[in-house]
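Chains, contacts and geometry: an overview
The residues making up each chain are set out below.
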Amino acid sequence: MFPILVLFQLYLSTIPVVPPTPKFEGQTIDDNISIGYGLALGDVDGDRKPDILLADKKQFVWYRNGDWKRFVMIENLTEQDNVCITARDLDGDGKVEVAVGAQWNPGETSDTTKSGSVHYLIRPNDPTQRWEAVKLHHEPTVHRMRWVKSGDGNFFLVVLPLHGRGNKNGEGQGVKTLAYRFPKNPHSAWHATTIDDAMHLTHNLAVVEENSPKRTDIYVAGKEGVRLMQGFVNKSGGGNAQKITGVELPAGEVRIGILGNEKFFATIEPMHGVAVAVYMTGQNTTRKVLDDQLKEGHALATADLLGIGSDQVVAGWRSPNAENKTGIKVYLPSNKNGSEWQSYWVDENGMATEDLQVLDLNADGRPEIIASGRATKNLKIYWNKSE
């Protein structure tokens, strides 16, 4: 009986899933951005509706949910371009705290005055007015950042540079992944520690905060593939990122999703790469390429856009591919074991995707896709109309 049961379970795992067909309606809320380096989402003005925050070339701005009016938070913060932004309510007042990275100069990996900046932005009483910047410890080639709640309940700003100090062509010192502890008084000193320095040429990170048991895991994509800082509690000292067996190809983006009861990794490979891949993490890690026709893939998300109880993958790229197209696609699993996937266009040739995020903006239970375009110089909401 046991072999028959196993065969039956394998058969069930290959029964095609028939999810709703993805349907999104695009709305351009800004057609005059400069680059659109990075996006963040959260309630800026305390009206209980998530707003859109954008790191543009020389300005950090936010767009008010509803009328999508644009407000400049700060501009000309550094000599070089802005590059990243993160937003999260840390003190429970219903309004996000904001940190930003600028002085984007990836060719300079040694001089902290010429490359890499980290600032915390202090909101005014009226958030539509200009914000105050508090300068934090700088690290050359700062590229991505996230607010992270550690396993022991404290908040940190985790900052990921592109290169290590003095690094050339991905060789040399490892990248210093830094954690800045959020102080009670943001004007006071921020204690920063290196939580990993083993990787080279890193590009992006994903944060997974578990509630039961309470634990925070940080995944980093880079030259050595995807590595894991498990159970983050801000212990100082480098070399803490663990290798993940079978997920070792160079990657530029990483996100974590759930298919059934199984976790998977979604990646874009290599950095600024051509391939969207998923790694199923069952007894043996298996890799499945969902698409190999991207060019400069630069944006990735996992979310249950269709309400089917499992996550889908969203990916975007910023340069015309072999078919002379840029855009965004969503990828759906066709069966329960993740061995087959289908792709659908979200935006075909109207978005040179620099970054994208996913969140329900209108409280209808269906997450939207929000994307910024580099060559297309646009910011769009793709309203989820899937049924």
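Here the structure is a predicted model, which means the values were calculated and not measured.

Our next topic: the sheet that holds strand β28 (residues 379-384). Remark on secondary structure: sheet strands pair via backbone hydrogen bonds, oriented parallel or antiparallel. The four strands are arranged β1-β28-β27-β26 in an open sheet whose pairing can be described as antiparallel. Only two strands of the sheet have a single partner each, and these edge strands are β1 (24-30) and β26 (353-359). Adjacent strand axes in the sheet meet at a mean angle of 20 degrees, parallel and antiparallel pairs treated alike.

Strand order in the open sheet formed by four strands is β14-β15-β16-β17, and the pairing between neighbours is antiparallel. Of all strands in the sheet, those with a lone pairing partner are β14 (202-211) and β17 (242-243), marking the two edges. As judged from the two bridges shared by strand β16 (residues 225-229) and β17, these two strands associate in the antiparallel manner. Bridged to Arg-227 within β17 is Lys-243.

Okay, the environment of Glu-97 next. Relative to the assigned elements, Glu-97 resides in strand β7 (residues 97-102). With 26 residues separating them along the chain, Glu-97 and Arg-123 place their C-alpha atoms 8.1 Å apart. Each residue touching Glu-97, except ones within four places of it in the same chain, is listed here: Thr-86, Ala-87, Arg-88, Asp-89, Leu-90, Asp-91, Tyr-120, Trp-147 and Phe-182.

As for its position among the elements, Asp-43 is in the loop between β2 (38-42) and β3 (51-55). No salt bridge is formed by the buried Asp-43; its nearest oppositely charged neighbour, Arg-48, is found at 6.8 Å. Polar contacts involving the side chain of Asp-43 include one to the main-chain amide nitrogen of Asp-45, which spans 3.3 Å. For Asp-43, the side chain forms a polar contact with the main-chain nitrogen of Arg-48, separated by 2.7 Å. Here Asp-43 is in contact with Arg-48, Lys-49, Pro-50, Asp-51, Gly-94, Lys-95 and Val-96, once residues within four sequence places are set aside.

Moving on, we get to the pattern of salt bridges. Opposite charge on two side chains allows them to pair when their charged atoms are near. Taken as a whole and judged by the stated rule, the model has 16 salt bridges. Here Arg-70 and Asp-30 are joined by a salt bridge, their closest N and O atoms 3.5 Å apart. Taken together, the positions of Arg-70 in strand β5 (residues 70-75) and Asp-30 in strand β1 put the pair 40 residues apart, joining distant regions of the chain. Under the relative-accessibility criterion, Arg-70 is labelled partly exposed at 34%. As a salt-bridge pair, Glu-269 and Arg-287 come within 2.8 Å of each other at their nearest N and O atoms. A residue pair is termed long-range when its members are at least 10 positions apart, and Glu-269 in strand β19 (residues 262-269) and Arg-287 in strand β21 (residues 285-291) qualify at 18 residues. Assessed through its relative accessible area of 6%, Glu-269 is described here as buried.

Rules and cut-offs
- Residues numbered from 1 in each chain as written.
- Predicted model: local features only at pLDDT ≥ 70, side-chain atom pairs only at ≥ 80, totals over all residues.
- Heavy atoms only, no water.
- Pairing = 2+ DSSP bridges.
- Helix = DSSP H or I, 4+ residues; strand = E, 2+ residues; numbered from the N terminus.
- Axes fitted to C-alpha atoms, helices over the stretch in contact; angles between N-to-C directions.
- Contact = heavy atoms within 4.5 Å.
- Buried < 20%, exposed > 50% of the residue type's maximum accessible area, 1.4 Å probe, protein only.
- Lys, Arg positive; Asp, Glu negative; His and termini not counted.
- Salt bridge = Lys/Arg side-chain N within 4 Å of Asp/Glu carboxyl O.
- Polar contact = N/O pair within 3.5 Å; in protein donor to acceptor, adjacent residues only side chain to side chain.

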